[in-house]
Amino acid sequence: MTAVSPPTGEPWRPSPLQLERIRYRRRRSTRSMIIAIVSTVVVVAAVIIGITSTPGWPRVQQTFFDPVKALDALPAVASGLWLNIRVMIVSGILILIIGLIIAILRTLRGPVFFPLRAFAAAYTDVFRGLPLLLVIFLLGFGVPALRLQGLPNDAVIWGGAALVLTYSAYVAEVFRAGIESVHPSQRAAARSLGLSYPKTMRFVVLPQAVRRVVPPLLNDLVSLQKDSGLIAVLGVIDAIRAAQIETASDFNFTPYVVAGALFVALTVPLARVTDWVARRQGWYGAGGSHL
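Residues numbered from 1 in each chain as written. Predicted model: local features only at pLDDT ≥ 70, side-chain atom pairs only at ≥ 80, totals over all residues. Heavy atoms only, no water.

Describing the overall build of the protein
1) Next: Scanning the protein for helices and strands turns up 11 helices and zero strands.
2) Next: Each helix and strand of the protein, placed in order from N terminus to C terminus, yields the pattern α-α-α-α-α-α-α-α-α-α-α.
3) Next: Taking 19 Å as the expected radius of gyration for a compact globule of 291 residues, we find that the protein reaches 27 Å, considerably beyond that expectation.
4) Next: With respect to the three principal axes, the spread of C-alpha positions in the protein is 90 × 70 × 30 Å.
5) Next: Counting all 291 residues of the protein, 32% fall into the buried class.
6) Next: A separation of at least 24 residues holds for 74% of the contacts in the protein among residues at least 6 apart in sequence.
7) Next: About 18,300 Å² of surface is accessible on the protein, with carbon and sulfur atoms providing 68% of the total.
8) Next: In the protein, 28 side chains carry a positive charge and 14 a negative one; their mean positions are 14 Å apart. (Helix = DSSP H or I, 4+ residues; strand = E, 2+ residues; numbered from the N terminus. Rg over C-alpha atoms; globule rule 2.2 N^0.38 Å. Buried < 20%, exposed > 50% of the residue type's maximum accessible area, 1.4 Å probe, protein only. Contact = heavy atoms within 4.5 Å. Areas by Shrake-Rupley, 256 points an atom, 1.4 Å probe, with all protein chains shown as cover. Lys, Arg positive; Asp, Glu negative; His and termini not counted. Charge placed at Lys NZ, Arg CZ, Asp CG, Glu CD.)

So this is what it looks like as structure tokens:
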């Protein structure tokens, strides 16, 4: 039997069964949205009522959530946050470059490259093992104390250097995982076409590896954004240090809440971008359940 085609020029119309399926899906979607909204409102209301009904809430509200103090501290904290953003951007660029170089060194083959592989492995082991705060102290206080000629004494530079050294070790392992995830047949095919090892890495391996590790790299960027506040321990007036200065005048901790809210306002959009990129690349678990 041959299929009967619709008359030429007549638009396609869904069948009654298909229309019923569409209506059913819309009803299910609307019902799920209503349930989600109601359940969220109930949970948030229960949390708010539970917190505000505690005996110490008036004192906590006065100490941590004073709107007048928040408005007074906002300009100073926001100015300090701009320093955190600049440190994050510059450090992030250097981290990507150094991390990729370290990852390539760890994947070099042949006994002649053993010293480079050993150096890269030792670098990642040391800086992944040292706490970031300790590295900041060692560089921020230790290097200027040496009084070496030609080296800067700016605490922002050494705090950023500590971030770069530590995060480069983690990012290098992310890049290395992406490089080693590329099937060996890709390298063999490239070499069979006459590409040298550097060109094989540049045009065949690295493009695939980088695409595969974009979601974890973005997660590291989110962590870097938060950890940039640790440079405050060196006396740098960033968002956290500015909040500390504002708090010292009357021991009202609202400026810390303001600083935290500003950091969250920066982190949440970047986290959502990370989830979106992860879902596009098939990392369905990155942003919660995939419906």
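A few points about the packing of helix α3 (residues 67-106) against helix α6 (residues 155-181)
1) Next: At their nearest, the axes of α3 and α6 sit 6 Å apart, and the two run at 40° to each other. Considered as vectors, α3 and α6 are oriented oblique to each other. The two elements α3 and α6 cross, and the hand of that crossing is right-handed.
2) Next: By residue class, the composition of the contact of α3 with α6 is 18 nonpolar, four polar and three charged. (Axes fitted to C-alpha atoms, helices over the stretch in contact; angles between N-to-C directions. Parallel < 35°, antiparallel > 145°, perpendicular 65-115°, else oblique. Left-handed = near helix turned anticlockwise from the far one by under 90°. Nonpolar A, V, L, I, M, F, W, Y, C, P; charged D, E, K, R; others polar.)

Description of the pattern of salt bridges
1) Next: A complete count under the given rule lists eight salt bridges for this structure.
2) Next: Salt-bridge contacts for Arg128 lead to Asp125; the nearest nitrogen and oxygen are separated by 4.0 Å. Taken as a pair, Arg128 and Asp125 lie in helix α4 (residues 114-129) at a separation of three residues, close to a single helical turn.
3) Next: Judged by its relative accessible area of 36%, Arg128 falls in the partly exposed class.
4) Next: Here Glu173 ties to Arg176 by a salt bridge, and the two come within 2.8 Å at their closest N and O atoms. Here Glu173 pairs with Arg176, and both are found in helix α6, just three residues apart, close to one helical turn. This pair shows no difference in class: Glu173 is buried, exactly as Arg176 is.
5) Next: Counted as one network, the salt bridges with shared partners bring together Arg106, Glu173, Arg176 and Glu180. (Salt bridge = Lys/Arg side-chain N within 4 Å of Asp/Glu carboxyl O.)

Regarding the packing of α4 against α6
1) Next: Viewed as axis vectors pointing N to C, α4 and α6 meet at an angle of 120°, and their least axial separation amounts to 8 Å. Considering the angle they form, α4 stands oblique to α6. The interaxial crossing formed by α4 with α6 has left-handed handedness. In this structure, α4 uses Tyr123, Thr124, Phe127 and Arg128 to contact α6, whose residues at the interface are Val164, Leu165, Thr166, Ser168, Ala169, Tyr170, Ala172 and Glu173.

Details of the side chain of Thr166
1) Next: Note on placement: Thr166 falls in helix α6.
2) Next: Polar side-chain contacts of Thr166 include one of 3.0 Å to the backbone oxygen of Ala162.
3) Next: When sequence neighbours within four positions are dropped, the list of residues in contact with Thr166 reads Phe127, Leu132 and Val135. (Polar contact = N/O pair within 3.5 Å; in protein donor to acceptor, adjacent residues only side chain to side chain.)

Read these as layout, nothing more, since geometry by itself doesn't imply function.
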